[in-house]
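Residue-level listing of the chains:
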Amino acid sequence: MNDLSARKKRARSDIRAARTRRVPLRPERDQRIQANLLAALADLPEDTSDLTIAAFVPLADEPGGGDLHTTLATTGARVLLPRVSRGDTPRLEWVEFQPDSPNLAPGTWGILEPIGNAVHSFPACADVIITPGLSIDYHGKRLGQGGGFYDRALANRPAHVKVWALIDHEEFTRDVPSQDHDLVVDAVLNDLGFFPII
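Residues numbered from 1 in each chain as written. Predicted model: local features only at pLDDT ≥ 70, side-chain atom pairs only at ≥ 80, totals over all residues. Heavy atoms only, no water.

**Quick notes on the sheet that holds strand β10 (residues 172-173)**
Neighbouring strands of a sheet are bound in pairs by backbone hydrogen bonds; such pairs are parallel or else antiparallel. Defined as follows: For two strands to pair, DSSP has to find at least two bridges joining them. Every helix listed is a DSSP run of H or I at least four residues long, and every strand listed is a run of E at least two residues long, numbered separately from the N terminus.
The strand order across the open sheet built from three strands is β8-β7-β10, with neighbouring strands paired in mixed fashion. Looking at the sheet topology across the chains shown, the edges are occupied by β8 (142-143) and β10. Where strand β7 (residues 135-137) meets β10, two bridges bridge the pair, whose relative direction is parallel. By the bridge assignment for β10, Ile136 is matched with Phe172.

This is the structure we're talking about:
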């Protein structure tokens, strides 16, 4: 294991342990995160009900809240959620969330995933993509869970597609170990606010 890989592994371990300790704070923090997210969406020039937003279903210790997708759906936006497509190279594909008849079931690694037909125009069809992450630095470099799913899925996204990372404020930091292929985001959303990367 090279030095950068070792640094990433240590950082992931430290952040996951800190998140476990913060689980009791999740409900209050997630309410603030969702409020900040809705305010950031309302500030976009487009009407929220005209947006296509790709999001995810956070795990119990992940920032955002297990009802993140339903909160987004209340805005009238079209909400896309990821699932892992198994094949020679596992990858993410996005399916439209159906709030009136929730189409979620436990999938890969026990994560709730949508059931239905994949949206083949992703990511070009999205206006905003909300990603999970473990840490983001002040230049927008993202430390993910290590699978590379988002790095690959969003590597060639069109310039008009905004990517916002959802983390806790402690995870927005001066520096994260990163490589050239790691995703760079356009903004950070956390419990303290919305922070565009300049």
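**Side note on the environment of Val79**
The criterion, for reference: Between buried and exposed lies partly exposed: a residue is buried under 20% and exposed over 50% of the maximum accessible area for its type, with that area taken using a 1.4 Å probe on protein chains only. Residue contacts follow a heavy-atom distance rule, with two residues in contact if any of their heavy atoms lie within 4.5 Å.
Inspection of the secondary structure puts Val79 in strand β2 (residues 78-85). Residue classification places Val79 among the buried residues on the basis of a relative accessible area of 2%. A sequence separation of 28 residues divides Val79 from Leu51, and the C-alpha atoms of the two residues are 8.5 Å apart. For Val79, the contacting residues outside a window of four places in its chain are Ile53, His69, Leu72, Ala73, Val95, Glu96 and Phe97.

**Regarding the environment of Asp3**
Along the polypeptide, Asp3 turns up in helix α1 (residues 3-21). Separated by 28 residues in sequence, Asp3 and Gln31 place their C-alpha atoms 38 Å apart.

**With respect to the pattern of salt bridges**
Quick reminder of the rule: Salt bridge criterion: a side-chain nitrogen from Lys or Arg within 4 Å of a carboxyl oxygen from Asp or Glu.
In the structure shown here, the tally under the stated rule is 18 salt bridges. Ionic pairing is found between Asp175 and Arg7, a salt bridge with its closest N-O pair at 3.5 Å. In this pair, Asp175 sits in the loop between β10 and β11 (187-190) while Arg7 sits in helix α1, placing the two residues 168 residues apart along the sequence. The exposure class assigned to Asp175 is partly exposed, which follows from its relative accessible area of 48%. One salt bridge in this structure joins Glu93 and Arg83, with 2.6 Å as the shortest N-O distance. One end of the pair, Glu93, is in strand β3 (residues 91-96); the other, Arg83, is in strand β2, and 10 residues separate them in sequence. In terms of burial, Glu93 and Arg83 fall into one category: buried. Here the salt bridges do not stand alone but share partners, grouping Arg19, Arg22, Arg26, Glu28, Arg29, Asp30, Arg32, Asp168, Glu170, Glu171 and Asp191 into one network.

**Quick word on α1**
Put simply, the test is: To estimate how far a helix should reach, multiply one less than its number of residues by 1.5 Å.
In a regular helix each residue adds 1.5 Å, so 19 residues correspond to 27 Å; α1 covers 27 Å between its end C-alpha atoms and thus fits that length. Inspection of α1 places Ala6, Lys8, Ala11, Arg12, Ile15, Ala18 and Arg19 among the buried residues, and these make up the whole buried set. Packing partners of the buried residues in α1 comprise β7 and β8.

**Thoughts on the packing of aromatic side chains**
Quick reminder of the rule: Between rings of Phe, Tyr and Trp, where Trp is taken as its six-membered ring, a pair exists when centres lie within 6.5 Å; planes separated by under 30 degrees are stacked, by over 60 edge-to-face, and by other angles tilted.
Summed over the entire model, instances satisfying the criterion amount to five aromatic pairs. A ring pair is formed by Trp164 and Phe194, whose centres lie 4.8 Å apart and whose planes are at 65°; its orientation type is edge-to-face. With Trp164 in strand β9 (residues 162-166) and Phe194 in strand β12 (residues 193-196), this residue pair connects regions lying 30 residues apart in the sequence. Measuring from centroid to centroid gives 5.7 Å for Phe172 and Phe195, while their planes differ by 45°, and the two rings are tilted. Within this pair, whereas Phe172 is found in strand β10, its partner Phe195 is found in strand β12, the two being separated by 23 residues in sequence.

**Concerning the pairing of β12**
Relative to β12, β11 runs antiparallel, the two being bridged by four bridges. What sits directly across from Asn190, in β12, is Gly193. What sits between the antiparallel neighbours β11 and β12 is a turn of two residues.

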